[in-house]
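Spelled out from the first residue to the last, the chains are:
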Amino acid sequence: MTAFYIILEISALIAIIIVPLGGPKKKKSKSPAGLSEILVNENGYLEYSGTAREDHHHVN
């Protein structure tokens, strides 16, 4: 009976160590494709764009 409890304790210890290593699987979040509708105007303020332009502007 003592051997049974020793085997039970060892298997429980191994289960406690191994099960968390698998852990839950994280899903990759999809990043939105394309450009944002928010632009920076010449004064440095954010504003919404009527159309999303494909050209890039430098921000000073």
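Here the residue index of a chain counts from 1 through its sequence in written order. Thresholds applied to this predicted model are a pLDDT of at least 70 for local features of residues and 80 or more for the giving and counting of side-chain atom pairs; totals over whole chains, interfaces and linings are not thresholded and use all residues. Side-chain measures were taken over the full set of non-hydrogen atoms in the model, leaving aside hydrogen atoms and water.

## As for the overall build of the protein
In step 1: Scanning the protein for helices and strands turns up one helix and two strands.
In step 2: With 60 residues in all, the protein has 3% of them scored as buried. In this text, helices come from DSSP runs of H or I with a minimum length of four residues, and strands from runs of E with a minimum of two, each type numbered from the N-terminal end. Categorising residues by exposure relies on relative accessible area from a 1.4 Å probe, with only protein chains included: less than 20% of the type maximum marks a residue as buried, more than 50% marks it as exposed, and the intermediate range marks it as partly exposed.

## Some words on a nonpolar patch on the surface
In step 1: Patch definition: residues above 30% relative accessible area lacking any salt bridge, with like charges linked at up to 9 Å and the nonpolar side chains Val, Leu, Ile, Met, Phe, Trp and Tyr linked at up to 5 Å. Accessible surface area values rest on a Shrake-Rupley calculation with a 1.4 Å probe, where residue burial reflects the displayed protein chains alone. The working definition used for a salt bridge is a side-chain nitrogen of Lys or Arg within 4 Å of a carboxyl oxygen of Asp or Glu. Taken together, the side chains of I6, I10, L13, I14, I17, I18 and L21 define a hydrophobic patch exposed on the protein surface, amounting to about 700 Å² of accessible area.
In step 2: Overall, L21 belongs to the exposed group, its relative accessible area being 68%.

## Structural notes on the packing of aromatic side chains
In step 1: Pairing of aromatic rings covers Phe, Tyr and Trp, the last through its six-membered ring, and needs centres within 6.5 Å; plane angles under 30 degrees mean stacked, over 60 mean edge-to-face, and all others mean tilted. For the structure on display, the rule yields one aromatic pair.
In step 2: Both rings, one in F4 and one in Y5, keep their centres 5.8 Å apart while their planes meet at 65 degrees; by these two values the pair is edge-to-face.

## Here we look at the confidence of the model for the protein
Note that predicted coordinates carrying low pLDDT should not be read in detail.
In step 1: When pLDDT is averaged across the protein, the result is 78; 75% of the residues are at 70 or more.
In step 2: The predictor attaches a confidence to each residue, and that confidence, scored 0 to 100, is pLDDT. Mean pLDDT values for the elements of the protein range from 83 in strand β1 (residues 38-40) up to 87 in helix α1 (residues 2-22).

## Description of α1
In step 1: An expected span of 1.5 Å times one less than the residue number is assigned to each helix. End to end, α1 covers 31 Å across 21 residues, agreeing with the expected 30 Å (1.5 Å per residue, within 8%).
In step 2: A positive phi of about 60 degrees marks G23, the residue just after α1.

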